[in-house]
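Close look at the chain arrangement
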Amino acid sequence: MNKERKLIIAGNWKMNKTVAEALDLVRSLKLELANVKEVDMVVCPPFTALEAVSKAILDSSLRLGAQNMSEQNFGAFTGEIAAGMLKEFSVRYVILGHSERRQYQKESNELISKKGLAAHGASLKPIICVGETLAEREGGQTEKVLESQVRGSLAGFSKEQMAETVVAYEPVWAIGTGKTATTAQAQETHAFIRGQLVKMFDETVARKVRIQYGGSVKPSNARELMSQPDVDGALVGGASLEARSFSDIIKNSI
Ligand code: PGA
C-alpha cells in the first residue's frame, strides 16, 4: 500500500497478560512478523510485563509502548509510574488519554496534555487518544467534541513535539463492541482532526502526524481502513491479544 506516512499499528493489551502469557504472545509475534519492515509495530503490555517483553523483543522490529504514565517526574504520588521509569525498559511510546481512562479515571484534556508534555520531556512518543461517544455522534456533536479534545489534549505542544506525536481516533461506541466506523466515517473524521492540527500548528506539522484508527479493528477490516489517505495505522485492543489476529491485521495492511 502506498501511503504518505509510514503506518503505525499498536496493540493495546489493556489489563491482560501475565508475564508468562506476555512472553508467549511476543515470541509468536516475532515469528509471524519477522520479515515486516513496512509498518511500525508496537506492543503495549501492562506495566508488570514491560521488563520481560522489553528483553524478549530486543532482536526484533517490534517496539515497546506503555498504556499510561504520570504527568509528574517523581515524588509522593502513590501508585503512579513516571516517564523516566518507563525509559529504563526501552519504552518508546505511551498511550495517553485512552477513553477508558477518560471514563473510569476521569482524566481531563488538561491532564492528558500535561502527561504528553512529560512524555516528550523524556523522549517518549505519546499516542494521544480522542473519540466521541455514541450519544455525541448521534447528537451531531462529533466535530465539537473532537475539536475540544484535540485542542485540550495537545495544548502547549511545540511543533517539533507534535510532529513526534501519534493521535489515535477511537470512537467510544466502536471500542470492544464489534462495531467499526465505516471507512468513510473514519476518513472524514481523520481529515477533520488533521484540519485541527493545521489550525493549531501548521500544514507541514499536520502532514507529518500519524493518526491511528481504533475500535474493533480486525484482520477483515484492517486493509480497507488503512487504505484511506488520512488513516495512518491502528490502535488495536481485543484483536492484539492473539498473535494470529494481530499479525494478520499488520500483514493485511501492507
Ligand atoms: P478494541 O479496542 O480493538 O478491542 O475495540 C481498541 C482500543 O481500546 O484501543
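These lines cover the structure that appears in this document, whether it is placed above or below. Since the structure is predicted, the reported quantities are computational estimates derived from the model, not experimental observations.

Helices and strands together make up the secondary structure of the protein, namely twelve helices and eight strands. Taking 18 Å as the expected radius of gyration for a compact globule of 254 residues, we find that the protein reaches 17 Å, a close match to that expectation. Dimensions of the protein along its principal axes, counting C-alpha atoms only, are 45 × 45 × 35 Å. Out of the 254 residues belonging to the protein, those deemed buried represent 52%. For the protein, the exposed area adds up to about 11,300 Å²; of that, 51% sits on carbon and sulfur atoms. For the protein, the centre of its 32 positive side-chain charges and the centre of its 30 negative side-chain charges are spaced 2 Å apart.

This paragraph deals with the nonpolar core. In terms of nonpolar packing, the biggest core is built from 66 residues, with Val43, Val53, Met69, Met162 and Tyr213 touching the most fellow members. A total of five residues in this core trace back to one element, the largest contributor, which is helix 1 (residues 19-32). Grouped together as the second largest cluster of nonpolar side chains are eleven residues, Ala10, Cys44, Tyr93 and Cys129 included.

All right, on to the side chain of serine 70 then. Secondary-structure assignment places serine 70 in the loop between strand 3 (62-66) and helix 3 (83-87). Among the polar contacts made by the side chain of serine 70, one reaches the main-chain amide nitrogen of glutamine 72 at a distance of 2.8 Å. When neighbours within four sequence positions are excluded, serine 70 is seen to be in contact with Glu80, Ile81, Lys115 and Ala118.

Burial analysis of strand 5 (residues 125-130) places five of its six residues in the buried class, which makes it a mostly covered element. Direction of pairing for strand 4 (residues 93-96) relative to strand 5: parallel, over a ladder of four bridges. Looking at the pairing, valine 94 lines up with proline 126 of strand 5. Relative to strand 6 (residues 166-169), strand 5 runs parallel, the two being bridged by four bridges. From the neighbouring strand, valine 130 faces strand 6, where its bridge partner is tyrosine 169.

Every second residue of strand 8 (residues 233-236) is oriented toward a common face, with Gly233 and Leu235 on one face and Ala234 and Val236 on the other, all of them buried. Sheet analysis places strand 1 (residues 7-12) next to strand 8, joined by four bridges and oriented parallel. Residue pairing across strands places isoleucine 9 opposite alanine 234, the latter belonging to strand 8. The pairing of strand 7 (residues 210-214) with strand 8 spans two bridges and is parallel. Among the inter-strand pairings, glycine 214 is bridged to a residue of strand 8, identified as leucine 235. With helix 11 (residues 219-226) bridging strand 7 and the parallel strand 8, this β-α-β connection has right-handed handedness.

As a further point, take the packing of helix 5 (residues 109-121) against helix 7 (residues 142-153). Taken N-terminus to C-terminus, the directions of helix 5 and helix 7 make an angle of 40°; their axes are 7 Å apart at the nearest point. In terms of orientation, helix 5 and helix 7 fall into the oblique class. Where helix 5 approaches helix 7, its residues Asn109, Glu110, Ile112 and Ser113 are matched on the opposing element by Ser148, Gln149, Gly152 and Ser153. Considered class by class, the residues forming the contact of helix 5 with helix 7 number one nonpolar, six polar and one charged.

Right, let's talk about helix 11 for a bit. Taken as a whole, helix 11 has its buried residues at Asn221, Ala222, Leu225 and Met226. Projected down its long axis, helix 11 shows its buried positions confined to an angular sector of 125°, all on one face. Facing away from the buried side of helix 11, by more than 90 degrees, are the exposed residues Ser220 and Glu224. Where the residues of helix 11 are buried, they touch strand 1, helix 9 (183-200), strand 7, strand 8 and helix 12 (243-253).

With that settled, the discussion passes to the site of the ligand. Surrounding the ligand, one finds 13 residues, the nearest of these being Lys14, His98, Glu170, Gly176 and Ser216. Between an oxygen atom of the ligand and a side-chain N or O atom of histidine 98, the distance comes to 2.7 Å. Note that an oxygen atom of the ligand is positioned 2.6 Å from one of the side-chain N or O atoms of glutamate 170. Taken by itself the ligand offers 280 Å² of open surface, and the protein chains cover 95% of this. Mapping the ligand onto the cavity grids shows that it belongs to the second largest pocket. Here the shell around the ligand is built from residues that sort into four nonpolar, seven polar and two charged.

Rules and cut-offs
- Per chain, residues are indexed from 1 in the order of the written sequence.
- A pLDDT threshold of at least 70 governs which residues receive local features in this predicted model, and a stricter bar of 80 or more applies before side-chain atom pairs are shown or counted, although totals over entire chains, interfaces and linings include all residues.
- Side-chain calculation: all heavy atoms of the structure are included, whereas hydrogens and water are not.
- To qualify as a helix, a DSSP run of H or I must reach at least 4 residues; to qualify as a strand, a run of E must reach at least 2; elements of each kind are numbered from the N terminus.
- Throughout, radius of gyration means the C-alpha value; the globule benchmark is 2.2 Å times the number of residues raised to the power 0.38.
- Throughout this description, buried means an accessible area under 20% of the type-specific maximum (1.4 Å probe, protein chains only), exposed means over 50%, and partly exposed covers the range between.
- Each accessible area is a Shrake-Rupley result for a 1.4 Å probe, and residues are judged covered by the shown protein chains and nothing else.
- By the counting scheme adopted, Arg and Lys are positive, Glu and Asp are negative, and His together with the chain ends is not counted.
- By convention, the point assigned to a charge is CZ for Arg, NZ for Lys, CD for Glu and CG for Asp.
- In this description, a nonpolar core means a group of buried Ala, Val, Leu, Ile, Met, Phe, Trp, Tyr and Cys residues linked to one another through side-chain atoms lying within 4.5 Å.
- The term polar contact refers here to a pair of N or O atoms within 3.5 Å; inside protein, the definition further demands a hydrogen-donor-capable atom paired with an acceptor-capable atom, and it admits residues adjacent in sequence only when both atoms are side-chain atoms.
- Here, residues are in contact when the closest pair of their heavy atoms is within 4.5 Å.
- A pair of strands counts as paired when DSSP detects no fewer than two bridges linking them.
- Clockwise travel from the first strand over the helix to the second, with the strands pointing away from the viewer, marks a crossover as right-handed.
- To obtain an axis, a line is fitted to C-alpha atoms, over the contacting stretch when the element is a helix, and the angle between two such axes runs from 0 to 180 degrees between their N-to-C directions.
- For classification purposes, angles smaller than 35 degrees are called roughly parallel, those larger than 145 roughly antiparallel, those between 65 and 115 roughly perpendicular, and all remaining angles oblique.
- Classification used: nonpolar for Ala, Val, Leu, Ile, Met, Phe, Trp, Tyr, Cys and Pro, charged for Asp, Glu, Lys and Arg, polar for all others including Gly.
- For this quantity, the arc is that covered by the directions from the helix axis to the C-beta atoms.
- A molecule or strand has a residue near it when one of that residue's heavy atoms lies within 4 Å.
- Of the grid points, spaced at 1 Å and generated over the protein atoms alone, those admitting a 1.4 Å probe that cannot get out make up cavities, while open sets with protein on both sides within 12 Å along at least five of seven lines make up pockets; any residue with an atom within 4 Å of a point is treated as lining.
- A molecule is said to be in a cavity or pocket once over half of its atoms fall within 2 Å of that pocket's grid points.

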